[in-house]
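Notes for the structure review
Here is what each chain is made of, one letter per residue.
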Amino acid sequence: RKQATGPEQLASLIRASLKVSNENLRIEAVKAIPTLLEIPEEVPDLVTGAVNDPSSEVRAYAMDAVNELSDDTKLKVYESTIAAPDHEVRKTTITELSRIHSKQSFEVLMKGLETEDAGFREEVNFEIGALVNRTFGSYSQAKAWWDTEGSPNYDDTMIYTGDDE
């Protein structure tokens, strides 16, 4: 039985454990991810691998593990999970992004409009509408609005600071 002696060894052990066939071992590995706070650059790749696991239980634990991370690390994870194959992972991603209330989280949320899944785009638009009181037909339309009107008129915590004309 291997025992990790430092954060790098633990990251390596988690990475190896996520590749085994034993679902319970993969779940335990996912649960250990938040302990890697000393090396946050390792976390997004580990979580991204776990949210693409064939087991829905491993994917759910991976998304739970994200809640333990700093907002900066969460955003790095959500940049990939917004396009995850699993609908539940994507849905959790947009819900969590809408709670962060930052320009960076809004920019990641907009990327959800790039999906082919019309139902998911509708869910993304619902969260966007709750934040900025408008919806968009496509990512390019949202990005154009954000670059010209949105970002300049919202502060870093997504509070509107523009004119109400």
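All of these numbers come straight from a predicted model, not from anything done at the bench.

On to the overall build of the protein chain. A tally of helices and strands in the protein chain yields nine helices and zero strands. Element order for the protein chain, N to C, with α for helix and β for strand: α-α-α-α-α-α-α-α-α. Counting only C-alpha atoms, the protein chain reaches 65 × 30 × 20 Å along its principal axes. Burial statistics for the protein chain: of 165 residues in total, 42% are counted as buried. Residue pairs in contact within the protein chain that sit at least 24 positions apart in sequence constitute 54% of those at least 6 positions apart.

Before going further, it helps to examine the pattern of salt bridges. Considering all chains together, one arrives at eight salt bridges under this definition. Residues D117 and R90 are paired through a salt bridge, measuring 2.9 Å at the closest nitrogen-oxygen approach. Of this pair, D117 sits in the loop between α7 (103–110) and α8 (118–132) while R90 sits in helix α6 (residues 87–100), and the two are 27 residues apart along the sequence. Judged by relative accessible area, D117 falls into the partly exposed class, the value being 29%. Between R99 and E96 there is a salt bridge whose closest N-O contact spans 2.9 Å. In this pair, R99 and E96 are both assigned in helix α6, three residues apart and thus about one turn of the helix distant.

This next bit is on α8. With 15 residues, α8 should cover 21 Å at 1.5 Å per step; its first-to-last C-alpha distance of 20 Å lies within 8% of that length. The elements touched by buried residues of α8 are α6, α7 and α9 (139–153). One side-chain oxygen at the N-terminal end of α8 lies 3.0 Å from the backbone nitrogen of G119; it belongs to D117. Looking one or two places after α8, you find N133, whose phi comes out positive at around 60°.

The rules we used
- Residues numbered from 1 in each chain as written.
- Predicted model: local features only at pLDDT ≥ 70, side-chain atom pairs only at ≥ 80, totals over all residues.
- Heavy atoms only, no water.
- Helix = DSSP H or I, 4+ residues; strand = E, 2+ residues; numbered from the N terminus.
- Buried < 20%, exposed > 50% of the residue type's maximum accessible area, 1.4 Å probe, protein only.
- Contact = heavy atoms within 4.5 Å.
- Salt bridge = Lys/Arg side-chain N within 4 Å of Asp/Glu carboxyl O.
- Expected span 1.5 Å × (residues − 1).
- Polar contact = N/O pair within 3.5 Å; in protein donor to acceptor, adjacent residues only side chain to side chain.

Nothing here speaks to function; it is all geometry.
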